[in-house]
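Now for the letters of each chain:
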Amino acid sequence: MASRKYNPDEIEKKWQGLWAERNLFRVLEDPDKPKYYLMEMFPYPSGNLHMGHVRNYSIGDVLARFRRMSGWNVLHPMGWDAFGMPAENAAIESGVHPAIHTENNVQKMIRQLKRMGFSYDWDREINTSTPEYYRWEQWLFIQMFKKGLAYRKSSEVNWCDQCQTVLANEQVEAGKCWRCEQEVDPRELEQWFFRITEYAEELLDECSRMDGWPERVLTMQQNWIGRSEGGTIHFPLWEREGSIEVFTTRQDTLFGATFMSLAPEHPLATELAMGTNREAEVRAFIEKTRRQDKRSRTSADYEKEGIFTGSYCRNPVNGERMPIFVANFVVMEYGTGAVMAVPAHDQRDFEFAKRYDLPIWVVVLPEGVDDLPAESMEEAFEEDGVLTRSGRFSGLESAEARKQITESLEEKGLGKGTVQYRLRDWCISRQRYWGAPIPVIYCDACGIQPVREEDLPVALPMDVDFQTRGSPLAAHPEFVKATCPNCNAEARRETDTMDTFVESSWYFDRYTSPHYDKGMFDPEKIDYWMPVDLYIGGIEHAVLHLLYSRFYTRVLRDMGMIKVSEPFDNLLTQGMVIKDGAKMSKSKGNVVDPDAMIQRYGADTTRLFSLFAAPPEKDLDWSEQGVEGAFRFLQRVWRWLEEWGDELAGVYPHEGRLPSREPFAGLYRKAHETIYRVTRDIGERMHLNTAVAAIMELVNDLYRIEPAHVQEEAADKAVLRFAIETTLILLSPFAPHITDELWAGMGNEKPLLEMPWPSHREDALQKEEVTLVVQVNGKVRSKLQVPKDAAQGEIEKQALADEKIQRFLAGSSPKKVIHVPGRLVNIVV
């Protein structure tokens with residue numbers, strides 16, 4: 001091989017062109033091969049890749065290339081989560097239409113992704129903002145509407161006046177919009193919802209069987225769904241009609257309920273104060289509290305505040321009158337929005353009762369305790385125990401008391417056993433333009449009517465005014481004007497668009513047949529590819545996106561469109577990229593531009609560093625020295641073949657019996673050991689960093705071979721050829737451009753992606769061993785079996801750790817360790 005300098009830019013562009021010419025990454029269904037569907041979470045087309053993208057996609061590309069070379073039929077697609085507020089906000093600020101803004105960004109990011117050498121099948125590219133995509137989303141909405149899974153109701157929402165849209169609770173941070181940081185106001189609006197609660201139990205139960213998901217993610221989903229077994233109890237209002245319904249898991253503490261706490265959002269919160277001298281105060285408190293961040297309100301350390309409504313209710317088991325408060329720590333999102341307050345046995349209630357001088361009644365005692373005076377309590381006793389001061393239930397243990405009290409309430413028509421979930425139905429309405437229009441028409445005579453399926457898609461009009469306040473769609477007369485599909489009368493079109501999480505809840509299905517025009521996807525192809533075998537993305541999507549995708553998959557299953565219940569068999573959540581002690585972000589000024597990295601070092605170095613610096617699931621600390629180190633390593637591989645390439649031309653790699661002469665026997669064993677380690681670390685453990693480390697060790701061993709070592713020319717060079725070919729094959733998923741260049745330079749015709757992944761020889765892993773005598777002060781005390789080529793430090797470490805030797809050391813450190821290679825170790829104490 002002629003000597004030349006390693007030029008990443010030239011080599012990488014050359015091979016990217018050749019791969020494209022050969023359609024190397026295109027994949028079709030093949031029933032003769034096992035399938036492997038691997039994908040990374042698709043990006044919002046912001047116009048620029050960041051290093052988090054690079055790391056995420058590099059992880060996926062290594063695994064995709066490894067699987068393909070290992071004989072799998074690999075689907076590795078890419079697309080664009082293209083709807084959302086950023087594009088619309090850009091249109092408002094710059095006057096560029098969101099469709100044009102999005103398409104410009106998409107083209108720029110395609111160029112960046114291709115420049116990284118990722119093995120995406122670009123024939124399967126999807127863009128969620130195209131009518132060809134969202135028409136099927138609208139079609140499914142109509143089917144869900146017909147089955148009662150999509151419905152409309154009035155609800156209090158988080159309204160951002162600046163963005164003129166509804167925000168999910170997760171998008172409100174400290175009472176402010178997550179995007180524009182303006183104060184968020186509560187508002188009652190008619191909204192569209194998906195009935196995800198219909199699947200709450202199944203979504204929760206399946207978590208226990210999802211072995212391929214990180215435990216942390218499953219715990220987050222389980223907590224989000226939040227199954228609670230308890231009871232519903234009715235507290236009659238005092239001297240007026242009606243009652244307050246509460247849900248509790250502690251029916252055993254009912255006799256200790258001394259007041260009632262309502263959420264500020266509860267319908268009775270204002271009503272109970274109406275006509276009293278407290279009405280103005282209560283309204284002011286409710287208004288103030290509703291502006292506060294709900295997650296902060298429910299945290300344990302948040303200051304507990306409330307206000308008496310002037311009304312009372314009756315405890316259903318002891319008849320006691322209970323004052324009704326509006327309290328800031330109660331929210332409508334869990335239970336019924338009303339809490340029976342038991343200050344002796346709930347810490348929040350205890351703190352509230354102390355602040356407002358409310359009664360504290362102990363009704364559950366710890367095991368073996370005869371009395372627990374309320375006045376001496378410094379905190380609530382929240383554990384189970386034995387009931388006291390609870391009528392005929394006194395003396396029962398908490399678990400049995402819960403059962404019997406619930407049965408008693410059922411007999412009297414004042415309660416019943418209930419299972420409740422923290423999960424709430426999914427509000428999908430957004431008052432924005434850049435989203436999929438909700439396919440509904442409102443007719444004065446016929447009411448809510450779905451759009452006719454033959455009229456889909458309901459396409460976004462391009463000629464909208466983004467300077468108008470509110471939704472541009474609502475201000476577009478031609479869009480709003482519609483004809484009732486039932487009676488043909490003049491009607492009004494829905495102007496809300498769908499939450500962008502709807503698009504990302506089924507895009508992985510569409511990848512299986514992105515050009516199919518007779519339905520959401522081709523039934524045969526989705527049966528071949530689904531479920532996704534490995535899904536890679538950030539932990540920040542642990543709840544919303546992943547939960548919604550699981551819900552959507554079940555909806556499709558129950559409609560007979562798909563056979564699987566879970567969309568993703570395995571989930572890998574990669575860590576963040578950290579620089580200067582913080583996550584990379586523009587606001588912190590610590591962003592590294594991938595384009596600049598590629599220009600300086602090349603895509604292979606950028607990929608290699610992002611994979612070698614940390615295990616995939618851990619955060620990666622950015623290091624210029626680490627990048628330089630990755631670049632130097634690739635240069636070492638290049639230089640080795642510069643030196644040896646001509647010598648190995650026309651040589652066939654070693655096969656057959658194990659080499660016996662050193663250093664070639666050791667190099668051959670090392671190559672097979674590296675095959676074993678890299679295969680295990682990629683295929684089983686996904687420890688990509690240790691796989692790279694193993695390859696680096698093999699390259700170090702290659703550099704230990706000198707021309708003078710070559711005596712049996714044909715045999716020795718055959719081992720060298722095997723070792724360097726093994727190096728290139730194992731390194732190719734990490735650094736595909738340089739390895740293809742060097743591979744071709746050795747006279748190989750096929751690109752590495754079309755080569756089979758190597759298998760290790762078991763007999764090559766069996767190292768020759770020797771027996772060493774271990775002495776203590778010159779007397780034989782034990783023996784060791786160690787590899788013949790084991791390092792002195794490793795031998796001494798094993799000798800000192802030997803159980804027999806430990807007895808003679810008796811915890812003391814040796815004065816000296818004498819090692820006679822191949823014979824003995826003498827420990828002097």
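Structure: above.
Residues numbered from 1 in each chain as written. Predicted model: local features only at pLDDT ≥ 70, side-chain atom pairs only at ≥ 80, totals over all residues. Heavy atoms only, no water.

**Student:** Which residues make up the overall build of the chain, and what values do they have?
**Tutor:** If you tally the helices and strands in the chain, you get 27 helices and 34 strands. Dimensions of the chain, computed from C-alpha atoms along their principal axes, come out at roughly 105 × 80 × 50 Å. A burial count over the chain gives 55% of its 829 residues as buried. Here the contacts in the chain between residues at least 6 apart in sequence split such that 73% fall between residues at least 24 apart. Within the structure as shown, the chain displays about 36700 Å² of accessible surface, and the carbon and sulfur contribution to it stands at 47%. Where the 100 positive side-chain charges of the chain centre and where its 129 negative ones centre are 4 Å apart. (Helix = DSSP H or I, 4+ residues; strand = E, 2+ residues; numbered from the N terminus. Buried < 20%, exposed > 50% of the residue type's maximum accessible area, 1.4 Å probe, protein only. Contact = heavy atoms within 4.5 Å. Areas by Shrake-Rupley, 256 points an atom, 1.4 Å probe, with all protein chains shown as cover. Lys, Arg positive; Asp, Glu negative; His and termini not counted. Charge placed at Lys NZ, Arg CZ, Asp CG, Glu CD.)

**Student:** Give me the lowdown on the pattern of salt bridges, citing residues and values where you can.
**Tutor:** Summed over the entire model, instances satisfying the criterion amount to 53 salt bridges. D61 is the salt-bridge partner of R607, the closest N and O atoms lying 2.7 Å from each other. One end of the pair, R607, is in helix α19 (residues 603-612); the other, D61, is in helix α2 (residues 51-69), with 546 residues separating them in the sequence. R607 gets classed as buried once you look at its relative accessible area, which sits at 0%. Residues K518 and D517 are paired through a salt bridge, measuring 3.7 Å at the closest nitrogen-oxygen approach. Neither K518 nor D517 differs from the other in exposure class; each is exposed. Each of the salt bridges in this network shares a partner with another, and the network as a whole consists of E202, R550, R554, R557, D558 and E566. (Salt bridge = Lys/Arg side-chain N within 4 Å of Asp/Glu carboxyl O.)

**Student:** Describe the side chain of H737, with residues and values.
**Tutor:** Structurally, the position occupied by H737 is in helix α24 (residues 736-745). With relative accessibility at 0%, the residue H737 sits in the buried group. Of the polar contacts made by the side chain of H737, one reaches the side chain of D604; its length is 2.8 Å. With near-sequence residues (within four places) excluded, H737 lies in contact with I11, E12, W15, Q16, W19, M116, G117, A603 and D604. (Polar contact = N/O pair within 3.5 Å; in protein donor to acceptor, adjacent residues only side chain to side chain.)

**Student:** Account for the sheet that holds strand β14 (residues 321-327), naming residues and giving values.
**Tutor:** Strand order in the open sheet made by the four strands is β13-β14-β12-β15, with mixed pairing throughout. Bordering the open sheet on either side are β13 (306-314) and β15 (338-341), each of which pairs with just one other strand. The average undirected angle you get between the axes of adjacent strands in this sheet is 25 degrees. Relative to β14, strand β12 (residues 259-262) runs parallel, the two sharing three bridges. Its bridge partner lying in β14, S261 is registered against F325. (Pairing = 2+ DSSP bridges. Axes fitted to C-alpha atoms, helices over the stretch in contact; angles between N-to-C directions.)

**Student:** Quick rundown of helix α22 (residues 688-703)? Include the residues and the values.
**Tutor:** Over its 16 residues, α22 runs 23 Å from end to end, which matches the ideal 22 Å to within 8%, given 1.5 Å per residue. Buried residues of α22: L688, N689, A691, V692, A694, I695, M696, L698, V699, D701 and L702, and no others. Looking at the packing, one finds that the buried side of α22 touches α2, α19, α20 (624-648), α21 (664-683) and α23 (713-731). (Expected span 1.5 Å × (residues − 1).)

**Student:** Explain a negative patch on the surface residue by residue, including any values.
**Tutor:** On the surface, a cluster of negative charge is contributed by E367, E397, E400, E407, E410 and E411. Topologically, E410 is positioned in helix α12 (residues 398-412). With relative accessibility at 42%, the residue E410 sits in the partly exposed group. (Patch = residues over 30% accessible without salt bridge, like charges linked within 9 Å, V, L, I, M, F, W, Y side chains within 5 Å.)

**Student:** Let's hear about the sheet that holds strand β32 (residues 779-787): which residues, and what values?
**Tutor:** With mixed pairing, the four strands of this open sheet are ordered in space as β32-β31-β34-β33. Because the sheet does not close on itself, it has two edges, and the strands there are β32 and β33 (816-820). On average, each strand axis in the sheet is tilted by 20 degrees relative to the strand beside it, whichever way the strands run. By the bridge criterion, five bridges tie β33 to strand β34 (residues 824-828) in an arrangement that is antiparallel. Bridge assignment links H819 to a residue of β34, and that residue is V825.

**Student:** I'd like to hear about the side chain of T388, residue by residue, with values.
**Tutor:** Within the secondary structure layout, T388 lies in the loop between β17 (386-387) and α12. Once residues within four sequence positions are removed from consideration, T388 is found in contact with V362, V363, V364, L365 and S394.

**Student:** If you had to explain the state of the cysteines to someone new, which residues and values would you point to?
**Tutor:** The full count for this structure, using the stated rule, is zero disulfides. Note on C427: no disulfide assigned, nearest cysteine sulfur contributed by C177 at a separation of 15 Å. (Disulfide = S-S within 2.5 Å.)

**Student:** Break down the packing of helix α18 (residues 594-601) against α20 for me, with residues and values.
**Tutor:** It is the contact of α18 with α20, at a shortest axis distance of 11 Å, that shows an interaxial angle of 40 degrees. Put simply, α18 runs oblique to α20. The handedness of the crossing between α18 and α20 comes out as right-handed. Every residue of α20 that contacts α18 at M597, R600 and Y601 is listed here: E624, V627, E628 and F631. In the contact of α18 with α20, the residues fall into four nonpolar, no polar and three charged. (Parallel < 35°, antiparallel > 145°, perpendicular 65-115°, else oblique. Left-handed = near helix turned anticlockwise from the far one by under 90°. Nonpolar A, V, L, I, M, F, W, Y, C, P; charged D, E, K, R; others polar.)

**Student:** So what's going on with the environment of E762? Residues and values would help.
**Tutor:** With respect to the helices and strands, the residue E762 is situated in helix α25 (residues 762-765). Classification of E762 by relative accessible area gives exposed; the value is 51%. Here the alpha-carbon distance between E762 and W159, two residues 603 residues apart in the chain, equals 65 Å.

**Student:** So, the environment of V828: which residues are in play, and what are the values?
**Tutor:** In this structure, V828 sits in strand β34. Through-space distance from the C-alpha of V828 to that of K13 is 62 Å; in sequence the pair is 815 residues apart. Leave out the neighbours within four places in its chain, and V828 touches N777, P814, K815, K816 and I818.

**Student:** Tell me what's going on with the pairing of strand β11 (residues 243-248), and back it up with residues and numbers.
**Tutor:** Looking at chain direction, strand β10 (residues 227-236) and β11 are connected through six bridges and run antiparallel. Bridge pairing links P236 to S243 in β11. Once β10 ends, the chain turns through six residues before running back antiparallel as β11, passing E239 with a positive phi of about 60 degrees.

**Student:** Account for helix α4 (residues 98-115), naming residues and giving values.
**Tutor:** For α4, which comprises 18 residues, the first-to-last C-alpha distance of 26 Å matches the rise-based estimate of 26 Å (1.5 Å per residue) to within 8%. For α4, the set of buried residues is P98, T102, N105, V106, M109, I110, Q112, L113 and R115. A positive phi of about 80 degrees marks G117, the residue just after α4.

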